[in-house]
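Architecture at a glance
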Amino acid sequence: MSVFIVKPGLLASVQDLGRYGHRQLGICPGGALDTLALAVANRLVGNDDSAAGLELTLGACEIRFENDTRIALAGEAFGATVDGAPLAPCWSVPVHAGQTLRLGGAPTGVRPGLRTWLAVAGGIDVPPILGSRSTDLKAGFGGLEGRALRKGDRLPIGTSRLDESQRKRKSFGVRAPDAGDAPGEPTTLRALPGPEAEQFLQAAHKLLYAEPWRITPQSNRMGSRLAGPELKRRKGSTDMLSAGVVPGTVQVPPSGQPIILMGDAQTTGGYPRIAVVIRADLWKLAQAPLGSPLRLVEVDEQSAHDAWNARQRYLAQVAQGLALMNWPGEHDGN
Amino acid sequence: MSATEPRLHPLGDAALLCELPAPATLDAQRKIWALGAQAAKWPGVLELLPGMNNLTLSFDPAQIERAALEDKVRAIWPRLSAGALAGREIEIPVTYGGEDGPDLEHVAKHCGLTPHEVVRRHSQAQYVVYFLGFLPGFAFMGGLPAELATPRRSEPRVAVPARSVGIGGEQTGIYPLVSPGGWQLIGRTTLELFDPQAESPTLLRPGDRVRFVATSVVA
């Protein structure tokens, strides 16, 4: 059982929900930058949420399936087709051996996105390292040989829990998660004050939360670099000692241009942390196109919890829907 | 020192920073190790993110509320004994200078010493691993002789070769992987700092006492 990379696009890698438990060794969690998308795609093909899939960047890729199987995409579909037949995000479809999934070069979503997650029934079966199949591109391990996928790569697929009739079942879909942002509007991310927030001038806080920022093309899986007005610290602010950072941390280097850390970020940093994006909104950052506008909204801890609970409710609804149609898989709502 | 309580501050909705005031000392770091050893056992605490003089606890808010976690840190803090970790003695062979240490000359000039004297002092000191972070297996160590402190390069290198030994400000360290970096490179070791397939993936661990052994000096 395998899939064949005809064309990987800009950056394709094997990712699961991340490599946890090793941050005290300097090992970043990595994993799918949008774990919600990967989880939904996995459920649609009868996998556990934690099965490994492919994270694709900016479309323009081709993947051939070498066995009869079932697939689902989530995130930006880039006008995806399977042998010419359109495939919408959050749809589960059967594919035959020899069929090819193609993603175009331009986003086609109502709100254009940047990345796509592909789940295949049985999951991408590369050997887990330190408890995860995710590719750590920086450290060069995990996934397929610790690297981004190339043309001609062949990836093994694990054993699916779908039986023959389930695998062949006609296409169905679930509701995609709602970003809550209208088409054409900036991506909004909710954030809590960071540990060094008070080192910044009042004006910097106003700017951080008032201005629309732009995601620069220098952004990657380590972090989204934002361009906008300079965020200044108070005079006499001392340099901080190295301290832990998590995905979502908004750190401000001396340039005053903030960076929002993502899954592949280093585990510790030395730049002041003005804010931290709440966990429930990280997926929106993973999907926001380079060059697109972004707005930060300061919230309190209760709102962060409510937002996380809303995310969990969405996953639970997906699980309920799938359970009602006797679809196999992990349906615990987590 | 040990009477000082850490400042507690959330780092997002699922992590808590526990931070002692500067300056970083080995005593403070020992308390950080002790706190980590306790907190790792608490239900709902997922991961430890140690730093210099600080520790961040990632937690699952569905299992433990932040306020409850803060209470636990405050309650245990006065009772922590700053016991030393059972660190090991680790010798790191280094080829100093030349291609392996292109900045040795610059460091010597900055410090007003000969390159050989920089090597002598760098390899004579004993260093203690405070914590691992930044990159897999990257050890933040204390113990660089003050006279060897050298500011980082104004233009960071795009790709520092793996296993390079460098000085950055008042710190010395070894790059486990090829990575961008601004430290002054004075040498290189043959030891692998990180092997994800190994049972213990990192060569160095917090509490280890490290010595650099000069196997050659090109100056």
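Residues numbered from 1 in each chain as written. Chains lettered and ligands numbered in written order. Predicted model: local features only at pLDDT ≥ 70, side-chain atom pairs only at ≥ 80, totals over all residues.

With that settled, the discussion passes to the domain arrangement of chain B. All names here are of chain B. Here chain B is described as being made up of domain 1 (7–79) and domain 2 (89–218). Placing the centre of domain 1 and that of domain 2 at their C-alpha centroids yields a distance of 29 Å. Each partner contributes to the interface: domain 1 provides six residues, whereas domain 2 provides eight residues. Counted by class, the side of domain 1 that touches domain 2 contains four nonpolar, two polar and no charged residues. (Domains from an automatic or database assignment. Contact = placed C-beta atoms within 7 Å. Nonpolar A, V, L, I, M, F, W, Y, C, P; charged D, E, K, R; others polar.)

Turning to the environment of Ala-191 of chain A, a few remarks are in order. All names here are of chain A. Structurally, Ala-191 is set in strand β13 (residues 187–193). For Ala-191 and Ile-274, which are 83 residues apart along the polypeptide, the C-alpha to C-alpha distance reads 9.8 Å. Once you skip the residues sitting within four places of it in the chain, Ala-191 turns out to touch Val-250, Ala-275, Val-276, Val-277, Ile-278, Leu-296, Val-297, Glu-298 and Val-299. (Helix = DSSP H or I, 4+ residues; strand = E, 2+ residues; numbered from the N terminus.)

Turning next to the pairing of strand β10 (residues 115–120) of chain A. All names here are of chain A. Here β10 lies mainly inside the structure; six of its six residues are buried. The side-chain alternation of β10 yields two buried faces, one formed by Arg-115, Trp-117 and Ala-119 and the other by Thr-116, Leu-118 and Val-120. As judged from the four bridges shared by strand β3 (residues 53–57) and β10, these two strands associate in the antiparallel manner. Across the sheet, Leu-56 pairs through a bridge with Thr-116, a residue of β10. By the bridge criterion, five bridges tie strand β5 (residues 69–75) to β10 in an arrangement that is antiparallel. (Buried ≥ 20, exposed ≤ 12 C-beta atoms within 10 Å, placed from the backbone. Pairing = 2+ DSSP bridges.)

Next up on the list: the interface of chain A and chain B. Contacts between chain A and chain B engage 31 residues on the former and 37 residues on the latter. Listed by contribution, the elements that provide at least two residues to the side of chain A that touches chain B are β16 (243–244) and α5 (301–324) of chain A. Among the elements that make up the side of chain A that touches chain B, the one with the highest residue count is α5 of chain A (four residues). The residue makeup of the side of chain A that touches chain B, split by class, is 16 nonpolar, 12 polar and three charged.

Residue pairs spaced three or four apart in an α-helix point in one direction, given the helix's 3.6 residues per turn. Residues and elements named next belong to chain A. Over its 24 residues, α5 extends 34 Å from the first C-alpha to the last, a length consistent with the 34 Å expected when each residue adds 1.5 Å. On the buried face of α5, the contacting elements are α1 (35–44) and β13. At the C-terminal side of α5, Asn-326 shows a positive phi close to 55 degrees. (Expected span 1.5 Å × (residues − 1).)

What follows covers the confidence of the model for chain B. Put simply, chain B has an average pLDDT of 94, and 98% of its residues get 70 or more. With a pTM of 0.95, the predicted complex shows an ipTM of 0.95. (pLDDT = per-residue confidence, 0-100.)

Residue and element names in this part refer to chain A. The biggest cluster of nonpolar side chains holds 155 residues, and the ones touching the most others in it are Val-40, Ala-41 and Ala-119. Counting residues per element, this core draws most heavily on α1, at seven residues. Here Ala-119 is in contact with Leu-38, Ala-41, Asn-42, Leu-44, Val-45, Asn-47, Ala-51, Gly-53, Ile-71 and Ala-72, once residues within four sequence places are set aside. (Core = buried A, V, L, I, M, F, W, Y, C linked by C-beta atoms within 7 Å.)

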